[in-house]
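For reference, the chains in residue letters:
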Amino acid sequence: MVVAGDASGAVLALDEPLSFWGGFESETGTIIDQAHPQVGECLAGRVVTMTVGRGSSSASTVLAEAIRRGTAPAALVMTELDEIIALGAIVAEELYALTMPVVIVDEVTMAAVAGAASATIHAAGSITLDPQLS
Amino acid sequence: MLSGDDGPATMLAMRVIVRLAEIMGAEALLDISGAHIDSCLYHGEAGLDFAERLAGEGARVRVPTTLNVSSLDLLHPELYRGDAHTRDQALALMAAYEEMGCQTTWTCAPYQLDDRPKFGDHIAWAESNAIVFANSVLGARTHRYGDFIDICCAITGRAPAAGLHLDENRRGEVVFDVSTIPERLLSLDVAYPVIGHHLGRVAGSRIPVIVGLPPSTSEDRLKAIGSAAASSGTVGMFHAVGSTPEAPTLEAAVGARSVAVNSVSMEDLRAARDQLSTSTSNTLGAVSLGTPHYSVAELGRLVELLDGRRVDPAVHAYTSTGRDVAMEISLRGWDSVLAAAGVQIVTDTCTYLTPILGSIEGVAMTDSAKWAYYAPGNLGVDVVFGSIEDCVESAVAGEVRRDHTVWADA
């Protein structure tokens, strides 16, 4: 795990990478990138799957700000390490003692998480999936 | 530092570096000789909380550290049109970085300052165009750093020994051959941001190598390639054979491996050029130049092209630059030449980041691929990309005028 912690929530599988800077509003936790297929979706409290990160390094601050406000995802599940996203989560934990787990998984696990209704991330690294909303 | 012997702020900064180093797979940290900070641009309370916590706990930078643009032009504060709360937060953020001992350079082109990194120096630079210039043109070594980690490196003087700091990660990974592009186009500034935009889109995060450029291509043109490629892709370094220091030959740039070769055609470049405009309207509202911050030579070219003429009163014309360069051009008397021509100099910030433009009637024109890439989303304006010559002729005429003949096949 890139940032370890416990979290659970309904799964939101992003169809395309999202740039947190410019594409996401930390006040509300919603996607505002008009070119993103899921524009208008709210990330707050969801287990969000996103293969890779995208865009400016200012995304670190935007993500940390969302974690501070409670509008960030419950956890992020990715297939590639993204240092910018990791830094946002690390600094939010150091500053506010608020943890948003960031997990890197293989593509098979990624597909399984994306297909579940809800997921629970465990601090030791395992993920429990539920086909129903829990 | 991790044990807290150097105080709580250094301990926090070192903890963030070690956590990042672990996830990057770095086996060690290395010493850096300088830093450039992008975290001084306000994006929300969390950025201010972090800076004030570090500054409040006594953090001071250990290496010479320059500051990127902020959201405000301190030398021309009347240009700001945003809300007062955001302005006050942005000012507090700038003050915190000043308190930590950073130099108040407020420029995205720290490589235009007198004292800049040398070949082989390890540095921690943030801001995508500055990173790509440092790695590619100066031959200094920085990973693609960003918010938070930049100041942590400056405070500790250390960075993870990983990424673009290491020889094995600096080799070219994809070749772009521009030898079929007409010499006439390559003799013009406008070719370079367009080549960069194309490179970034195709290369993604790979390191591109360009072959076929004129030897010893100027720093300003390499800057245009890099800033464009770092916007349309996540390019942190490129090589231009015969121009950049780690690419005396193609073999030197790619090392002992075979890499894919893309032949760049005029169709590719015309398509890249067209992607940089969102409108075909001829109604001109504004012209924005100087992204990244113009050099003295680029401002000299602007003065030369204006040739004593005045910008149409209906057009808002801006050029951004660093305060050091602004000082230099005022010694040459160009600041009053530009003022008389109706061109507003903006320092310390960039017109795509902050409410300066206001509401304009018509499109905004620029010679910058980076400005063209970000302004429509950030400001909600329509953009037309053109050469510096097009921008000046359009500003004077009061309508969009572009010379398309330079984009012909031969």
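Residues numbered from 1 in each chain as written. Chains lettered and ligands numbered in written order. Predicted model: local features only at pLDDT ≥ 70, side-chain atom pairs only at ≥ 80, totals over all residues. Heavy atoms only, no water.

**Describing the nonpolar core**
- In terms of nonpolar packing, the biggest core is built from 140 residues, with F20 of chain A together with Y97 and I151 of chain B touching the most fellow members.
- The contacts of Y97 of chain B, once residues within four sequence positions are left out, are I37, S39, C40, A51, L67, C102 and I151 of chain B.
- Grouped together as the second largest cluster of nonpolar side chains are 27 residues, L305, A341, I345 and I388 of chain B included. (Core = buried A, V, L, I, M, F, W, Y, C linked by side-chain atoms within 4.5 Å. Buried < 20%, exposed > 50% of the residue type's maximum accessible area, 1.4 Å probe, protein only. Contact = heavy atoms within 4.5 Å.)

**What about the sheet that holds strand β3 (residues 65–67) of chain B?**
Residue and element names in this part refer to chain B.
- The strand order across the open sheet formed by three strands is β3-β2-β4, and the pairing between neighbours is parallel. Both outer strands of the open sheet, β3 and β4 (124–125), are each paired with one neighbouring strand and no more.
- Contacts from helix α5 (residues 149–156) reach β2 (35–37), β3 and β4 within the one sheet, and its direction differs from that of β2 by about 145 degrees. (Pairing = 2+ DSSP bridges. Helix = DSSP H or I, 4+ residues; strand = E, 2+ residues; numbered from the N terminus. Axes fitted to C-alpha atoms, helices over the stretch in contact; angles between N-to-C directions.)

**Some thoughts on the packing of aromatic side chains**
- The full count for this structure, using the stated rule, is five aromatic pairs over all chains.
- Taken together, a centroid distance of 5.0 Å and an interplanar angle of 80 degrees make the contact between F50 of chain B and F148 of chain B edge-to-face. Pair noted here: F50 of chain B is in helix α2 (residues 45–56) and F148 of chain B is in the loop between α4 (128–138) and α5, with a separation of 98 residues, a long-range link. One exposure class covers both F50 of chain B and F148 of chain B, and it is buried.
- Judged by centre distance (5.1 Å) and plane angle (80 degrees), the ring pair of Y373 of chain B and Y374 of chain B falls under edge-to-face.
- Taken together through their ring pairs, the aromatic side chains of W21 of chain A together with Y373 and Y374 of chain B make up a single cluster. (Phe/Tyr/Trp six-rings, centres within 6.5 Å; stacked < 30°, edge-to-face > 60°.)

**Things to note about the environment of A341 of chain B**
Residue and element names in this part refer to chain B.
- Within the secondary structure, A341 is located in helix α13 (residues 334–341).
- In this structure, the C-alpha to C-alpha distance between A341 and V396, residues 55 residues apart in sequence, is 9.1 Å.
- Contacts of A341, omitting those with residues within four sequence positions, involve L306, R309, R310 and V311.

**Observations concerning the interface of chain A and chain B**
- Every contact between the two is made by 22 residues of chain A and, on the other side, 26 residues of chain B.
- A per-residue breakdown of the area chain A buries against chain B is headed by W21, T61 and E94 of chain A, which together make up 27% of the total.
- Taken together, chain A and chain B are joined by three salt bridges.
- Inspection of the chain A/chain B interface yields ten residue pairs in polar contact (both at pLDDT 80 or more).
- Elements supplying a minimum of two residues to the side of chain A that touches chain B: α2 (59–69) and α3 (83–96) of chain A.
- Examining the composition of the side of chain A that touches chain B, we find that ten residues originate from one element, α3 of chain A, more than from any other.
- Residue classes in the side of chain A that touches chain B are distributed as twelve nonpolar, five polar and five charged. (Buried area = accessible area lost by both parts, 1.4 Å probe. Salt bridge = Lys/Arg side-chain N within 4 Å of Asp/Glu carboxyl O. Polar contact = N/O pair within 3.5 Å; in protein donor to acceptor, adjacent residues only side chain to side chain. Nonpolar A, V, L, I, M, F, W, Y, C, P; charged D, E, K, R; others polar.)

**A look at the pattern of salt bridges**
- A complete count under the given rule lists 25 salt bridges over all chains for this structure.
- When the shortest N-O distance is used, the salt bridge between D274 of chain B and R273 of chain B registers 3.0 Å.
- The class for D274 of chain B is partly exposed, based on a relative accessible area of 44%.
- A single network of salt bridges, built from pairs that share partners, joins E93 and E94 of chain A together with R15 and R19 of chain B.

**A few points about the domain arrangement of chain B**
Residue and element names in this part refer to chain B.
- Assigned domains of chain B: these are domain 1 (8–168), domain 2 (171–274) and domain 3 (280–407).
- Once you take the C-alpha centre of each, domain 1 and domain 2 turn out to be 27 Å apart.
- With 19 residues of domain 1 at the interface, the matching set in domain 2 holds 17 residues.
- Counting the surface lost from both domain 1 and domain 2, the interface buries some 1,400 Å², and carbon and sulfur atoms represent 59% of this.
- The largest per-residue losses of area from domain 1 upon contact with domain 2 belong to V132, S136 and V137, which jointly make up 32% of the total buried on that side.
- Viewed at the interface, domain 2 and domain 1 are joined by one salt bridge.
- One salt bridge connects R116 with E219, and the closest N-O pair in it is separated by 2.8 Å.
- Across the side of domain 1 that touches domain 2, the residue classes break down as eight nonpolar, six polar and five charged. (Domains from an automatic or database assignment.)

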